[in-house]
Amino acid sequence: MNILGIETSCDETAAAIVRNGSEILSNPIASQVATHRPFGGVIPELAAREHLKNIDTLVEEALKQAGLRRDDINAIAVTQGPGLIGALLVGVSYAKGFSLASGLPLIPVDHVHAHVHGAFLSFAGAKPEDFPCLALVVSGGHTNMYFMEGPTRFKLIAHSMDDACGESFDKVAKMLGRDYPGGPAIEALARNGKSSSYAMPMMIEKKDRLVFSYSGLKTHMLNLIRSLPQPIPEQALADLCAGFQDAALGQIVRKIEAALIRHPEVQSVLIAGGVAANKRLQELLGRAVTKRCLFPKPALCSDNAAMIAAFGYHLFKEKRPSQDLSWDAYARYPFETYLT
Ligand code: KG4
Ligand code: ZN
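Attention here is on the structure that accompanies the text. (Residues numbered from 1 in each chain as written. Chains lettered and ligands numbered in written order. Predicted model: local features only at pLDDT ≥ 70, side-chain atom pairs only at ≥ 80, totals over all residues. Heavy atoms only, no water.)

## Some thoughts on the overall build of the chain
Within the chain, the regular secondary structure consists of ten helices and eleven strands. A compact globule built from 340 residues should have a C-alpha radius of gyration of about 20 Å, and the chain, at 21 Å, falls within 12% of that. By principal-axis analysis of the C-alpha atoms, the chain measures approximately 65 × 50 × 35 Å. Within the span of the chain, comprising 340 residues, buried residues form 56% of the whole. Residue pairs at least 24 apart in sequence account for 73% of intrachain contacts in the chain once pairs closer than 6 positions are excluded. For the chain, the exposed surface amounts to about 14600 Å²; the carbon and sulfur share of it is 54%. Within the chain, the 34 negative side-chain charges are centred at a point lying 4 Å from the centre of the 34 positive side-chain charges. (Helix = DSSP H or I, 4+ residues; strand = E, 2+ residues; numbered from the N terminus. Rg over C-alpha atoms; globule rule 2.2 N^0.38 Å. Buried < 20%, exposed > 50% of the residue type's maximum accessible area, 1.4 Å probe, protein only. Contact = heavy atoms within 4.5 Å. Areas by Shrake-Rupley, 256 points an atom, 1.4 Å probe, with all protein chains shown as cover. Lys, Arg positive; Asp, Glu negative; His and termini not counted. Charge placed at Lys NZ, Arg CZ, Asp CG, Glu CD.)

## Some points on the coordination of the zinc ion (ligand 2)
Surrounding the zinc ion (ligand 2) are the protein donor atoms His111 (NE2), His115 (NE2) and Asp303 (OD), which sit 2.1 to 2.2 Å from the metal. Positions of the donor residues of the zinc ion (ligand 2), expressed as sequence spacing, correspond to H-x3-H-x187-D. Linking His111 with His115, this pair stays in helix 4 (residues 111–121), spanning four residues, or about one helical turn. No difference in accessibility class separates His111 from His115, as the two residues are buried. (Donors = N, O, S within 2.8 Å, 3.2 Å for Na, K, Ca; no water.)

## Quick notes on the site of ligand 1
Around ligand 1 there are 18 residues in total, and Gly140, Asp170, Glu187, Gly274 and Asn278 lie nearest to it. The backbone of Gly166 places a nitrogen or oxygen atom 3.1 Å from an oxygen atom of ligand 1. Here ligand 1 loses 84% of its free accessible area of 560 Å² to cover by the protein chains. Residue assignment for the shell around ligand 1 shows that the elements contributing at least two residues are helix 5 (165–175) and helix 6 (182–190). (Near = heavy atom within 4 Å. Polar contact = N/O pair within 3.5 Å; in protein donor to acceptor, adjacent residues only side chain to side chain.)

## Comments concerning the nonpolar core
Core analysis: the largest hydrophobic core is formed by 53 residues, its most contacted members being Met145, Ile256 and Ile271. Ignoring any residue separated from it by four or fewer positions in sequence, one finds Ile271 in contact with Ala119, Leu136, Val138, Ile256, Ala276, Leu281, Leu285, Leu294, Phe295 and Pro296. Counting residues in hydrophobic clusters, the runner-up holds 36 residues, among them Ile3, Ala14, Ala119 and Tyr313. (Core = buried A, V, L, I, M, F, W, Y, C linked by side-chain atoms within 4.5 Å.)

## Here's the deal with the side chain of Gln245
Among the secondary structure elements, Gln245 is positioned in helix 8 (residues 234–262). Overall, Gln245 belongs to the buried group, its relative accessible area being 4%. Non-local contacts of Gln245, meaning those with residues more than four positions away in its chain, are made with Phe169, Ile186, Glu187, Ala190, Gly250, Asn278 and Arg280.

## Focus on the environment of His314
Within the element layout of this structure, His314 appears in helix 10 (residues 306–319). For the pair His314 and Gly21, spaced 293 residues apart in the sequence, the C-alpha separation amounts to 6.9 Å. Look past the residues within four positions of His314 in its chain and what remains in contact with it is His117, Ala126, Pro151 and Thr152.

## Looking at the pairing of strand 10 (residues 268–272)
Looking down a regular strand, the side chains alternate between one sheet face and the other. Most of strand 10 sits out of view: five of its five residues are buried. Bridging between strand 7 (residues 133–138) and strand 10 involves five bridges; their strand directions are parallel. Within the sheet, the bridge partner assigned to Leu134 lies in strand 10 and is Val269. For strand 10 and strand 11 (residues 292–294), the ladder comprises three bridges, and the chain directions are parallel. Of the residues in strand 11, the one forming a bridge with Ser268 is Arg292. With respect to chirality, the unit in which strand 10 leads through helix 9 (residues 279–288) into the neighbouring parallel strand 11 is right-handed. (Pairing = 2+ DSSP bridges. Right-handed = clockwise from strand over helix to strand, strands pointing away.)

Printed below as a string of structure tokens:
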């Protein structure tokens, strides 16, 4: 079964074709980084206009790279939310038009849940033996932990009460004069540092409290950086980054341990989102957790349409979408049952 995925929630226009939720036939992405860079952030109106300009070319490119014709597609999956509303509307309207013209079923997809399926694609897609699964989306916008009993059964069991984990890396990097995204810069600096050199706060210390928090650590870093001689000497900088990184990632490891105590039946722990690329996180988790840990390929961590198509496949198989197109971007999901 070939699913065409369409993603336009933020600053990447993407289309992809995935076979049976596991095999990526094509996955072209048009990044808008150059358009938004002069403004230091994503400008929603510009993002929507860029999507409008590129979407049709991307879909044609996805078909061409896969060596398929429109007739070879069995269903369309599109990001319905969350995201920038103008940007989402471009993808949703395009997908509805495609569906009406072709008669193909259209599957609306949650972007954050789809990140989990992007990660699964690194391992040839989600398989029955992976479940129950503890899945984390650790990105610049989310620190969500899900208990999943199947590929479409997402139960949110922890999320951040303030900043996201990746966001805290970005903000600390900015305090240190580094560019966005800050995660890779901090990881590189931390490599030569000693994490015990500076005391770090223990966030959400109570072991069984399943919630994340990063704003206290961020404020602690701001005060610490201000108290040091400027420019910060090289070794002190490395020690600071190592201390911050271990505190930020240590919280994830602790909360995974806590979740595994509650759910000993878990078969795999999957980390999705940009922070999953962090090697220190892989090392800390590998040491603390005996369950099978799945770390995806970095290219499948960031926004793409293959993850939309892969999740769409499982929704199609389990929930059978109707031909009702009266839902809208960001509205409640037609597949209420997969939300808990
Ligand atoms: O999932 P993603 O590509 O985009 C969204 O946030 O939607 O995640 C980007 C986030 C940024 O905050 C970035 O700093 C963080 O992931 N990140 C990392 C690393 N690589 C990317 N954080 C820590 N260590 C890394 N190696
Ligand atoms: Zn995303």
